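Geometric and topological summary
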Amino acid sequence: CSSLKSITLPSTVNEIGDGAFCGCSNLREVTFNEGLQEIGDDAFHNCSSLESMTLPSTVIEIGANAFRDCSLREVTFNNGLRNIGDGAFRDCTSLKNVTIPSTLVEIGKCAFGECGSLREVELNGVPQNLKSNAFYNCDALERFIFPTISYCLENIIQTGHWEELEDQLNEVRGVVQWESGELF
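Residues numbered from 1 in each chain as written. Predicted model: local features only at pLDDT ≥ 70, side-chain atom pairs only at ≥ 80, totals over all residues. Heavy atoms only, no water.

**Quick notes on the state of the cysteines**
- Taken as a whole and judged by the stated rule, the model has 1 disulfide.
- With its sulfur 1.9 Å from that of its partner, Cys-1 forms a disulfide with Cys-24. Between Cys-1 and Cys-24, the S-S torsion sits near -115°, and that sign places the bridge as left-handed. With Cys-1 in the segment before strand 1 (6-8) and Cys-24 in the loop between strand 2 (15-16) and strand 3 (29-31), this pair connects stretches of sequence that are 23 residues apart.
- When its relative accessible area of 52% is taken as the criterion, Cys-1 is described as exposed.
- Cys-24 sits in the buried class, given a relative accessible area of 1%.
- Here Cys-92 is not cross-linked by a disulfide; its sulfur's nearest cysteine counterpart is in Cys-70, at 5.2 Å.
- On the basis of relative accessible area, Cys-92 is assigned to the buried category, the value being 0%.
- Free of any disulfide, Cys-110 has its nearest neighbouring cysteine sulfur in Cys-138, separated by 9.2 Å.
- Given a relative accessible area of 13%, Cys-110 falls into the buried group. (Disulfide = S-S within 2.5 Å. Helix = DSSP H or I, 4+ residues; strand = E, 2+ residues; numbered from the N terminus. Buried < 20%, exposed > 50% of the residue type's maximum accessible area, 1.4 Å probe, protein only.)

If you want it as C-alpha cells, here you go:
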C-alpha cells in the first residue's frame, strides 16, 4: 500500500481490522466518519507520513500499537473514547500535546511511551486504569493537567488507584507538585 496517500472511511465502517493499513508509509490523511467504534491492533502501525487525525465521538477503543511509529503531531480525542491500548501511540516522536477525554477508562502500557516531543498531557478525568509506563520516556513532558485537584483526589480515593497514579507521575517528572490542578 505504499502508493496510498489518503483514505476516507464511510459511516458504514464500524471497525478497522488489525493491521488494516499497517506500513502504508505514504498515507498522509485519514478521514474517519461517525459510526466508527473500534480501531484494531496495528491498524495504522508504521504509517510514517500520517501527521494528524481527529477521531469521531463514536470511537470507543483504540487497539494495541494502532498508531505506533506514526508522525502524528496532533491527535484529537472526543468524548466517548473508553480505551487506549498498549503502545497505541508509542514512538510517535512528533506528538506534542494530548488531551484525554473524561470518558476514558483505561490507558494501556506504554500507550504514549517514547513520545519524545510530548510536552503536555491534559486529563479531563482520571482513568480508572492507568497501566505501567503509559508515558514512559517522554523526556520533553513539562505539564500534566488534571481537571481539578478535588476531582482527581476524590476519584483516586474512590477507585483506590493512588499508587499507580503516583508511580506514573513520579516516573514522568520525578517530583509531584500540585498547584491549581496542574502537575509541574
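**A short note on the environment of Leu-95**
- Along the polypeptide, Leu-95 turns up in the loop between strand 8 (83-84) and strand 9 (97-100).
- Between the alpha carbons of Leu-95 and Leu-72 there is a distance of 5.5 Å; along the sequence they are 23 residues apart.

**Notes on the pairing of strand 9**
- Residues Val-98 and Ile-100 point to one face of strand 9 and are all buried, whereas Asn-97 and Thr-99, pointing to the other face, are not buried.
- Note: strand 9 against strand 11 (residues 120-123), 4 bridges, orientation parallel. Bridging from a neighbouring strand, Val-98 pairs with Val-121 of strand 11. (Pairing = 2+ DSSP bridges.)

**Quick notes on the environment of Ser-71**
- Residue placement: Ser-71 occurs in the loop between strand 6 (61-62) and strand 7 (74-76).
- The partly exposed category is assigned to Ser-71, whose relative accessible area is 23%.
- The sequence separation of Ser-71 and Ser-49 amounts to 22 residues, and the corresponding C-alpha distance is 5.8 Å.
- Residues within four places of Ser-71 in sequence aside, it is in contact with Cys-47, Ser-48, Ser-49, Leu-50, Glu-51 and Ser-94. (Contact = heavy atoms within 4.5 Å.)

**Some thoughts on the packing of aromatic side chains**
- What the rule picks out here adds up to 8 aromatic pairs.
- Taken together, a centroid distance of 5.6 Å and an interplanar angle of 85° make the contact between Phe-77 and Phe-89 edge-to-face. Note that Phe-77 is positioned in the loop between strand 7 and strand 8 and Phe-89 in the loop between strand 8 and strand 9, a separation of 12 residues in sequence.
- Take Phe-77: its relative accessible area is 9%, and that puts it in the buried class.
- The exposure class assigned to Phe-89 is buried, which follows from its relative accessible area of 0%.
- Relative to Phe-135, the ring of Phe-112 has its centre 5.4 Å away and its plane inclined at 5°; by these criteria the two rings are stacked. In this pair, Phe-112 is assigned in the loop between strand 10 (106-107) and strand 11 and Phe-135 in the loop between strand 12 (129-130) and strand 13 (143-145), connecting sequence segments 23 residues apart. Both residues of the pair, Phe-112 and Phe-135, belong to the buried class.
- Among the aromatic residues, those joined into a ring-pair cluster are Phe-21, Phe-32, Phe-44, Phe-67, Phe-77, Phe-89, Phe-112, Phe-135 and Phe-144. (Phe/Tyr/Trp six-rings, centres within 6.5 Å; stacked < 30°, edge-to-face > 60°.)

**Let's talk about the nonpolar core**
- Counting 48 residues, the largest nonpolar core has Phe-32, Phe-44, Phe-67, Phe-77, Phe-89 and Phe-112 as its most contacted members.
- At the level of elements, strand 9 and strand 11 are the ones that each hand at least two residues to this core.
- The residues touching Phe-89, leaving out its near neighbours within four places in the chain, are Met-53, Ile-62, Phe-67, Leu-72, Val-75, Phe-77, Ile-84, Ala-111, Phe-112, Gly-113 and Cys-115. (Core = buried A, V, L, I, M, F, W, Y, C linked by side-chain atoms within 4.5 Å.)

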